[in-house]
Amino acid sequence: MTTAARPPAVPAIQEESLVRQAVAGRAQAFDVLVECYQRRLYNYCYRMVGNAEDACDVTQEAFVRAYRNIATFRVGEPFAPWLYRIAHNLCIDHLRRKPNTLSLDVEMDEGRDPKDRCAGPEDAAQESETRRLINAAIADLPEKYRSVMLLRHGRGMPLEEIAETLGIPLNTVKVHLHRAREQMRQRLDGVLEVR
Amino acid sequence: MTCDKATMLLERRWDGALNGEEERALDDHIRDCETCAAEAQAIALADAAFLAIPEEDPPVDITALVRERLAEESPAEPRRLWFWIGAVLVSALAAMTWRSGLSPATWMQIPAVAAVASPITHIVADWLRPVGLACAAVSPALVTLAKWAAAPVALEVIALGLWMARRNSGQIARQS
């Protein structure tokens, strides 16, 4: 896996045990799963729906639905695709009802801790501009390309799990991913340095 | 190496699943193929883009909000659901028997019903015989009273079964 892929917050074996307990009806185990996944799921929803408030609502609803339907989860299968599928469907429903009108880049820099910024103001401005361009490039991807991009490069998910999450054939995932990367490359070539 | 194979290897490299030989073969192909080199560059650029935009913390504690919402409800337990489905079926059967005027003896003429119910009937009858005899001995009026009470009790059971089924189906509908 490349450096861009985020590792899971809990080891797979521990996650499986938590999922088993949650399926058996232990609310505390589900609570731990929510804690483990809330940041990752929120960031996926945020980049899908385009603003923080709606992303919070969608993420919250995804967890509630997951809890209500936890008895239908087949123990032994990966939990992430199942959870992301619920969240993804809610994001799509949300976008159908309320098309995205807010650009991500405005919010992304709001409230950012100044100590996270580079030392010099010029560097900070340059970084901010780079982030703005990247956020805009991701936000401008069509939904179907954006979702595969977020799951692959944002979450480090294997292609097979992406297909399962989105309910589309593996070949379609590959095609969408290729097109998404190509669109990103056209937008960001020269903006980012690639080794 | 074909470009299709190289594309597949590029994804597997991204997953960290290539061995040394495959790595070398892929690098050789990319050096000679502009299309696959562009694909490799697009992958690297996407990685760089996602590294440059750190993940955000949710502005609210989603775990707390979810906990709050879930405290107001409990998940539908399959066993409880099956119990009520069974209750409704038994109620429906009782209602059909009552409404159609068919006696249990008539139902027992159906081979499938008889096969299932006959052993149970014998066991229950054995258990109830002393009770029935005692009741009959104490007061024949009790038997009459039981006959009169049977219909209202059956109605109560049906009503309760339907109410629970409606409640459960409402819960399932909300879930979906």
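Residues numbered from 1 in each chain as written. Chains lettered and ligands numbered in written order. Predicted model: local features only at pLDDT ≥ 70, side-chain atom pairs only at ≥ 80, totals over all residues.

**Student:** Could you give an account of the overall build of chain B, naming the residues involved and the relevant values?
**Tutor:** Summing up its helical and strand segments, chain B has eight helices and zero strands in all. Mapped from its N terminus to its C terminus, chain B presents α and β elements in the order α-α-α-α-α-α-α-α. In chain B, the proportion of contacts linking residues at least 24 apart, taken out of those at least 6 apart, comes to 65%. (Helix = DSSP H or I, 4+ residues; strand = E, 2+ residues; numbered from the N terminus. Contact = placed C-beta atoms within 7 Å.)

**Student:** Please provide a residue-by-residue account of helix 4 (residues 79-97) of chain A, values included.
**Tutor:** Each α-helix turn comprises 3.6 residues. Residues three or four places apart therefore point the same way. The end-to-end C-alpha distance of helix 4 of chain A is 28 Å, a good match for the 27 Å that 19 residues give at a rise of 1.5 Å each. Burial in helix 4 of chain A covers these residues: Phe79, Pro81, Leu83, Tyr84, Ile86, Ala87, His88, Leu90, Cys91 and His94 of chain A. (Expected span 1.5 Å × (residues − 1). Buried ≥ 20, exposed ≤ 12 C-beta atoms within 10 Å, placed from the backbone.)

**Student:** So what's going on with the interface of chain B and chain A? Residues and values would help.
**Tutor:** Taken together, the contact pairs 34 residues of chain B with 44 residues of chain A. Those elements that provide at least two residues to the side of chain B that touches chain A are helix 1 (3-14), helix 3 (34-52) and helix 4 (62-71) of chain B. Take the side of chain B that touches chain A: its biggest share by element is twelve residues, from helix 3 of chain B.

**Student:** I'd love a proper account of the packing of helix 1 of chain B against helix 2 (residues 20-32) of chain B, names of residues and values included.
**Tutor:** All names here are of chain B. For the pair helix 1 and helix 2, interaxial distance at closest approach is 10 Å and the crossing angle is 125°. Viewed along their axes, helix 1 and helix 2 adopt a mutual orientation that is oblique. Judged by the twist between their axes, the crossing of helix 1 over helix 2 is left-handed. Each of Ala6, Leu9, Leu10 and Arg13 in helix 1 lies in contact with helix 2, whose residues at this interface are Glu22, Leu26, His29 and Ile30. Its residues placed into classes, the contact of helix 1 with helix 2 shows five nonpolar, one polar and two charged. (Axes fitted to C-alpha atoms, helices over the stretch in contact; angles between N-to-C directions. Parallel < 35°, antiparallel > 145°, perpendicular 65-115°, else oblique. Left-handed = near helix turned anticlockwise from the far one by under 90°. Nonpolar A, V, L, I, M, F, W, Y, C, P; charged D, E, K, R; others polar.)

**Student:** Talk me through the packing of helix 1 of chain B against helix 3 of chain B; I want residue IDs and the actual numbers.
**Tutor:** Residue and element names in this part refer to chain B. Packing of helix 1 against helix 3 brings their axes to within 10 Å, and their N-to-C directions diverge by 20°. One element, helix 1, and the other, helix 3, form an angle in the roughly parallel class. In terms of crossing hand, the pair formed by helix 1 and helix 3 is right-handed. The residues of helix 3 that touch helix 1, namely those facing Cys3, Ala6, Thr7, Leu10 and Trp14, are Thr35, Cys36, Glu39, Ala40 and Ile43. Across the contact of helix 1 with helix 3, the residue classes break down as seven nonpolar, two polar and one charged.

**Student:** I'd like a description of the nonpolar core, backed by residues and values.
**Tutor:** In terms of nonpolar packing, the biggest core is built from 65 residues, with Cys45 and Ala87 of chain A touching the most fellow members. Among the elements that line this core, the one with the most residues is helix 2 (residues 27-49) of chain A, at eleven residues. (Core = buried A, V, L, I, M, F, W, Y, C linked by C-beta atoms within 7 Å.)

**Student:** So what about the confidence of the model for chain A? Which residues, and what values?
**Tutor:** Regions with low pLDDT should not have their predicted coordinates read in detail. Residues and elements named next belong to chain A. Across chain A, the average pLDDT comes to 83, with 82% of residues at or above 70. Of all helices and strands in chain A, the one with the weakest mean pLDDT is helix 5 (residues 104-109) (49), whereas helix 7 (residues 143-154) scores best (94). Overall, residues 1-7 carries pLDDT values under 50, and its contacts beyond four positions in sequence, including any with other chains, amount to 15 contacts. In the predicted structure, residues 109-115 sits below a pLDDT of 50 and forms two contacts with residues beyond four places in sequence or in another chain. (pLDDT = per-residue confidence, 0-100.)

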